Structure formats: structure tokens, C-alpha cells
Amino acid sequence: MNISAQEYRTSFLLRTLPAECKAVSCSMPRHANPKHTAAMTTLAGFIAGMPKAELHLHIEGTLEPELMIEIGRRNGLELPWPDAESARRAYNFRDLQSFLDIYYRATSVLVHEEDFYDLTAAYLRKAASQNVRHAEIFFDPQSHTARGIAFETVIRGIEGALQDARRSLNLSTKLIMCILRHLSEREGLEMFRQALPWRRWITGIGLDSAERDNPPSRFRNLFELAHREGFLLVAHAGEEGGAPSVREALDTLQISRIDHGVHCMEDDGLVAELVRRQIPLTVCPLSNVRLRVFPSMREHNLKRMLQRGLCVTLNSDDPAYFGGYVNENYTEAAEALGLLPGDLVQLARNSFTASSLGTLQKQLYLNELRRYDIETPLQPSENRTR
Ligand SMILES: [Zn+2]
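Below is a short write-up of the structure. Within each chain, residues carry numbers counting from 1 in the order of the written sequence. Selection of residues for local features in this predicted model requires a pLDDT of at least 70, selection of side-chain atom pairs for listing and counting requires 80 or more, and totals for whole chains, interfaces and linings are taken over all residues.

## Description of the nonpolar core
In this structure, Leu124, Phe139 and Ile158 are the most contacted members of the largest nonpolar core, which totals 105 residues. Secondary structure elements are defined from DSSP: runs of H or I of at least 4 residues count as helices, runs of E of at least 2 residues count as strands, and each element is numbered from the N terminus. Examining the composition of this core, we find that nine residues originate from one element, helix 8 (residues 113-129), more than from any other. Contact definition: two residues whose C-beta atoms, as placed from backbone geometry, lie within 7 Å. The residues contacting Ile158, other than those within four sequence positions of it, are Ile59, Phe116, Thr120, Phe139 and Leu175. As used throughout, a nonpolar core is a set of buried Ala, Val, Leu, Ile, Met, Phe, Trp, Tyr and Cys residues joined through C-beta atoms within 7 Å of each other. Buried means a residue has 20 or more other C-beta atoms within 10 Å of its own C-beta, exposed means 12 or fewer, and partly exposed covers the counts in between; C-beta atoms are placed from the backbone.

In C-alpha cells form, the structure reads like this:
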């Protein structure tokens, strides 16, 4: 049977959606399905159905071992892991650098436009199944162009899946191009200039990779240029680095959002400024525990950050490596830290207000969240405080 490329892609996106989503029109928010809301009585169920945005997600970090092995095989590549299980066993990290070493090795299977399409489509299906209504997605083009992959191949594959998902999964998206901070600013500027012809698909510029010994100020010129070009600016800071790293990113890069930022809590003056300016922090609890930023979830400072009035959002960072997507981050943090439904709704509210969406679209999502909060019953045993 002959089908168009568009039909093929749509069927690819839909093929693994949960049954309850396929059963209703996917142009309708899934929580509008009464069957979907009926079971949402536990805290985990409440989280699962809650509309939310994800603002800190590296698309290369969503490469599940099964897909990595599949793409590696079809590209005829040798990998250090014979199967998905052995790859998963290797995901045992001491710190950020030990993670990055495996991450860049796994990423090397991505060669063709369809590889980037399949990677992005797989994440978007997962996000839709967790009621992520809006996703701002990072990509690391330098980790591909350094291997001889054309920038055009990378962005066409990712953007193709984003466009298809906006149509078939009822989910809005933005794309943020990250600059690798372990490379030089000159290399970052080269990447930035190469990307400019594709700027219609790129909302923001970010800064990621190893924070240690790579301070934000090394990228001041690049961010100044990106600011003049009108991009949204974000940067990883205060993950491995302390409060001074957050301060430096704020003062030198003109960023409007901080990725991670958990170490800001070491500096009361900085916290006061972040609260006053309502600078959002995209916190990733499972990532922080897996990379030993905190010894355990119970010791994570997320709840204290919320109590201080910081604009905190919850995100999954590199979910294929850190043991969970956004809902697992909410659920594990809620259980370990005793977050109340009111806290969870506040985190979801922050995720929309901290996004780069326009005022009207933000309001639509916030209204959706408000309706959900009012209409979703919780079991009496769940201590609910709005
Ligand atoms: Zn990150």
C-alpha cells in the first residue's frame, strides 16, 4: 500500500501511544477523557495526569539503550555494548564527567536524518504519554558536527519530528541549541554562525556539558551576540559548580533561566535576588541523585528551594540515563520529600510561566492546569493542601 511520507511519520509517532490516548481523539487533551481522570486518585496518578511543561531535556539524553542498539545496527556501527541490557548496566556514574563519557559514545550512533527523527519522535511519544503539554528541547550539534555529521542533517531530523508531533500529539515545542562549554568559545561561535540560517527553528541558545573549569564568562562574547540576535538565553550553572557559578552566569551571559542552579542555596543574597527577579531554575532531581550532586533524594534541597519562593520547575535532563522521565522526577521527589499536591501544582504552574511561550498560550495551559487541579479527586488518604 502506498502511503505518503507524512502518513508514515504520523503512524510512527502514534504506534506506541498508550491505548487510552489512541482511543480518544489525539487532538483533544488526554485528561479531558473521563476514563483517564477516573483513576487519578493516588498522588502518582495525580502527577501522571497533570498538565505540565518540560524545560530541561537534552534530546540526545533520551536515547534509550534499545533504540541506540537498533540505530547502531542499522548504521553498521560497532558499540562497546552487545545489547541494551549491558549498556544499561554501564549507566553507573561517579559524577558528571563519567556520565558524559558514556553519553558521547552512545550519541555516536546518530548519523542520518532519520536517526535524529526517530530519537526525537520516541521522546515526544513518551512526553505526550506523561501529559507534557509543552517541551523546550536542547540539542548539542557540536557533538555531531565534530563527527562529520552536517548540522542540516541534525536539525532537519529533529525539527521533522517536532512538526509532526505538534500536529499529531497535541503538544507544543521549542528548540534550544546548546553550546558545549568544554570546547572553546571560538568553536561555539563557529557553531552559532553555522546555525543562523536555521534560526526560524531555533528559539534559544544554551550552555551545557562539564561545568568544572569551564566558567560561564568564557562564553560572554557568544552570548552577547546571541542576545543581539534576539534568542532566548539559558545556561547550566550551579550543578557541579557552586553559587558563584550561578552568579557569574547571571551577571555575564544575560540569561533569563538557569538550568539546575541547586547550589544557589549556598548564598542567601543570590537566593534573594533570584526570588525578587523570579528567575526560573530548571531542577532535575533524578539527575542530581544519579550524578551525586546529592547523596539521596531525601537530601535534595528542592523543597527548601520552593519554601524560599524560588521559581523552581521539575525536569528530566537525560532521562534514558537517569532512571526516569518527568513524571518519575515528580513522583520520586514527592515521595522522598513529602511534597503536597499544592507543591506539585505550583511546580507545574512554574513550568508554564517559566517557558518561552507567549502570554496567551501560557494562559491557556495555566487554565488547563487550574481546571485539572479543581476537578481531579484524590483519595482521602492523600493529604491535599491547595
Ligand atoms: Zn542538563
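Next, the rest of the story.
## Observations concerning the sheet that holds strand 3 (residues 172-180)
Two strands are counted as paired when DSSP detects at least two bridges linking them. Taken in spatial order, the eight strands line up as 1-2-3-4-5-6-7-8 in an open sheet, and their pairing is parallel. With partners counted over all chains shown, the strands left at the sheet margins are strand 1 (52-58) and strand 8 (312-314), one partner each. Between one strand axis and the next, the sheet turns through 25° on average, direction left out of account. When strand 3 meets strand 4 (residues 204-208), the two strands line up parallel, connected through five bridges. By the bridge assignment, Met177 is partnered in strand 4 with Ile205. Between N-to-C directions, angles span 0 to 180 degrees; the directions come from axes that are lines fitted to C-alpha atoms, helices contributing only their stretch in contact.

## Here's the deal with the environment of Gly72
Residue placement: Gly72 occurs in helix 5 (residues 65-74). Judged by local crowding, Gly72 falls into the buried class, with 20 C-beta atoms found within 10 Å. Linking Gly72 and Val109, residues 37 residues apart in sequence, is a C-alpha distance of 4.9 Å. When near neighbours in sequence (up to four residues on either side) are disregarded, Gly72 contacts Leu77, Leu79 and Val109.

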